[in-house]
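# Residue-level structure breakdown
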Amino acid sequence: MHYNFKKIEEKWQKKWQASHAFRSQADPTRKKYYLLEMFPYPSGKIHMGHVRNYTIGDVASRFKMLQGYNVMHPMGFDAFGQPAENAAIKNKTKPDTWTHKCIKEMETELKRMGFSYDWEREVSTCDSDYYKWNQWIFLKMFERSLAYKKASAVNWCASCQTTLANEEVVDGGCWRCHTQVEQKDLEQWYLKITEYRERLLDDLSRLKEWPQRVLAMQNNWIGKSSGVDIYFHLKDSDKVIPVFTTRVDTIFGATYIVLAPEHPLVKELIKGKPQEKQALEFIDKVAKESKVVRASSDIKKEGVFTGSFAINPVNNEEVPIWIADYVLMEYGTGAIMAVPTHDQRDFLFAKEHGLPMRVVIQPKGSGLKAEDLTQAYEGDGIQVNSGEFDGLSNQEAKTKIAGWMEQKGIGKIQTHWRLRDWLISRQRYWGTPIPIIYCPKCGIVPVPYKDLPVELPKDAPFTGEGGSPLGKVKKFVEVKCPKCKGASRRETDTMATFFDSSWYFLRFCSPKFNDAPFDTQEAKYWMTVDQYIGGIEHAILHLLYSRFFTKFFQDLGMVAFPEPFQRLLTQGMVLKDGEVMSKSKGNIVDPDSMTKDYGADALRLFILFAAPPETELEWDNRGLEGAFKFLNRVWRIQDNLKDKADAQVITALHKTTKKVTQDYGEFKFNTAIASLMELTNAIYQSGADKEVFSRLVITLSPIAPHFCEELWEILGNKESIFKASWPGYDPKLLVEENVELAIQVNGKVRAKIEVPRDIPDDKLKELVLKDEKLAPWLEGKPLKKFIVVPQKLINIVI
RNA sequence: GCGGAGGUGGCGGAAUGGCAGACGCGCUGGUCUCAGAAGCCAGUGUCGCAAGACAUGAGGGUUCAACUCCCUCCCUCCGCACCA
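## Notes on the sheet that holds strand S29 (residues 738–745)
Sheet architecture is open: four strands sit in the order S30-S29-S32-S31, paired in mixed fashion. Pairing within the sheet leaves two strands with one partner each, and these edge strands are strand S30 (748–756) and strand S31 (785–789). Sheet twist, expressed as the mean angle between neighbouring strand axes with direction ignored, is 20°. Pairing between S29 and strand S32 (residues 793–797): four bridges, direction parallel. Paired with Gln 744 across the bridge in S32 is Asn 795. Here helix H25 (residues 761–770) sits on the sheet in contact with S29, S30, S31 and S32, set at roughly 115° to S31.

Next up, the structure:
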């Protein structure tokens, strides 16, 4: 017979709810711990990824609780977004109705897992008392010119019928539906995240408890590169083409320059030249290629001559101006100087089109000749053919040439960034309305703060055709201008949902606060988030935006810290048969059905035991059964308690307590569980008393909370186990009187010996050398060394 | 190409200079039972009857001692990328 998990889990879930067991309140006399897991999109059902994410968080949270911290562990819903609209169209319902139904269902499933959330702090981003503050933040940004509107080529997903931020384009496709993204010219709202790029980059160094790879990805994404803008004058006019380079040391080897086909000067350069027709054809061809195709054609470098020339400002040489597909308009200045001898791409292009080459960097101890090169030399060396800079090391020359060019006004030290401003307009209904009014007289007018929230009309028509439903709601669109009271039109785009999630961790500090997005006093106590847990897929998007918002609040004087998340854990994915679980693959394991068969505690135990939190986890039904078996094994201990446990078991208990305490703190739950299993095995060998069993139950409780509450009660305790305190361990009890040492001869184990723990080395040596098992190995050979590693092993070198 | 994480039994994984494979799954045997299930006990890296030999992606090195440190290389996954 197994323990009655169904009854026990329901019982304790009810008790926790009734007693507000996980309610959290600011208390300056206690040390706080803010534990947060990335809140879910309310699809209606939780999946194994959620279970894993939230179980890791729950164990950490309950462990901190037992250690006496004032823990805040909130949960909410990232409730705006497209799936609600799609569901509304499909099921002929409203996004609002559908979302709230899903939230209810998901709450139920989360509660069934026994997670220790403070539900009184719950927020849903689709409620107007949440999104009102999105609008408030937007207006604050607008006042500071951090929110602005501009016309530009934007990423457009034809399937989702909306624009996308750069961060939302993955491999040239929409992050949601993978449809190839098109470029479209539109006027859209942006947030000036680029104004924070320097701080976003520099402060990465503060994030010492973030995974390296997340830091690396953000660093990559922000993409700072330092170099020099060099001004090339056109030969036949006074126009200037700036080119950007990080290798200014190679400027004397620049034998031609290349523009991106989209470069604004190109049309002028080719006008009336014999090459005009050919060039236009080429530009047209490149324009038709998608970004993906253009990036993938990495062998052949195609291009045409414009017929025009420019002047290299360092030596007044005439250099031809080419157009090529390998130069990108969106990076640097959209134009490069080409140094075929010292850049592989330029080398290939120059070979292809017979362009001149000149060596300007000579590697130490060799004599490179341009005509002998089979590839570009991109390493360090000594400057040659570089005028007054000859003989310098190229690294030294880099600084000197840059300074010299600035002085002569022919170049400027420049930094280029990959990060672009954040496009937040979405042509969708189910999101936060952008609080802007367009007045024919006054232009762009922000909605006054007193008029917030701009509520989403609940009765928008959902047909799935003809653009955003918001545009069809007359009473929403047609408004009076707040300034001149004239007839005006309301913005019908909504905000990207990543806006909503960029500050929810602050809202949790004071979820019902009415005067601002959050109560600065509450935030002062609770923030920063001590531990944040979520999927690696948010390494850039959500985590970058949240960092940006936090810095903005810092500038508003609302928070005093630059970074929101102290420590970050990115949990690995849950796989089935080596693949990500997905509907299309039909390999989904539903957590809810697993809890029905084995209970939430067994599911929690298995998911933590099967792999360390950061690595991928292969789902294994038999592993889950094993976890259930272990719980039953622990359950049966209560039937055979004796009056006093053996010294052996006491030692095992203290060892386990030490190990579990350490491992929980470091999120090594798999080895913590292994240690608890070892203790259980030891108890099966020689029995436990009530004290030993009680401590086992407490140390297991963060992982299997319902199960342990029940045993705790059976053991005669009146209060919840989570009111108990975390057991310590006695270092004196960790060591046994006798220890077994391995005896190695030349590094190979040949015998074992049991000796008193503090035997002196000379006694030990005497004892060991007498050991008859070693005789065959030692016979007649002189002893060179006798190494003792205390309480572990002995190595005899002969 | 740049950056990050990895490569250990049949499987998930443990060990961060000190007895490789903890713990679990699976498998084998025993016990209990009329029988089965569950439970409990024992065994289980490979080769070998054994003594023993060989084993942590490959090869080299440092060390009394290397999964762990150093060098050379291979492979897998992830992010960025004709980034000038």
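## Re unusual backbone geometry
Backbone torsion omega between Leu 452 and Pro 453 reads 0°, so that peptide bond is classified as cis. Among the structural elements, Pro 453 can be located in the loop between strand S20 (443–446) and helix H13 (474–477). For the bond running from Met 527 to Thr 528, omega is 5°, close enough to zero to count as cis. Its location among the elements puts Thr 528 in the loop between helix H16 (520–526) and strand S24 (529–535). At Gln 161, a residue that is not glycine, the phi angle is positive and equals roughly 55°. Position of Gln 161 among the secondary structure elements: in the loop between strand S3 (147–157) and strand S4 (162–164). Residue class for Gln 161 comes out partly exposed when judged on its relative accessible area of 42%. Phi at Asn 385 takes a positive value of approximately 50°, unusual for a residue other than glycine.

## Section: the pattern of salt bridges
According to the stated counting rule, one finds 38 salt bridges in the structure shown. Put simply, Asp 343 and Arg 345 hold a salt bridge, and the shortest N to O gap is 2.7 Å. By relative accessible area, Arg 345 is classed as partly exposed at 46%. Put simply, Glu 666 and Lys 668 hold a salt bridge, and the shortest N to O gap is 3.4 Å. Judged by relative accessible area, which is 44%, Glu 666 ranks as partly exposed. Its relative accessible area of 39% is what places Lys 668 among the partly exposed residues. Bridged by salt links that share partners, the residues Asp 203, Arg 206, Arg 547, Lys 551 and Glu 563 form one connected network.

## Section: the environment of Lys 351
Mapped onto the elements, Lys 351 comes out in helix H11 (residues 344–353). For Lys 351, a relative accessible area of 48% corresponds to the partly exposed category. In this structure, the C-alpha to C-alpha distance between Lys 351 and Ile 753, residues 402 residues apart in sequence, is 74 Å. If we ignore the near neighbours within four places in the chain, the residues touching Lys 351 are Met 357 and Leu 373.

Quick notes on the rules
- Residues numbered from 1 in each chain as written.
- Chains lettered and ligands numbered in written order.
- Predicted model: local features only at pLDDT ≥ 70, side-chain atom pairs only at ≥ 80, totals over all residues.
- Heavy atoms only, no water.
- Pairing = 2+ DSSP bridges.
- Helix = DSSP H or I, 4+ residues; strand = E, 2+ residues; numbered from the N terminus.
- Axes fitted to C-alpha atoms, helices over the stretch in contact; angles between N-to-C directions.
- Contact = heavy atoms within 4.5 Å.
- Buried < 20%, exposed > 50% of the residue type's maximum accessible area, 1.4 Å probe, protein only.
- Salt bridge = Lys/Arg side-chain N within 4 Å of Asp/Glu carboxyl O.

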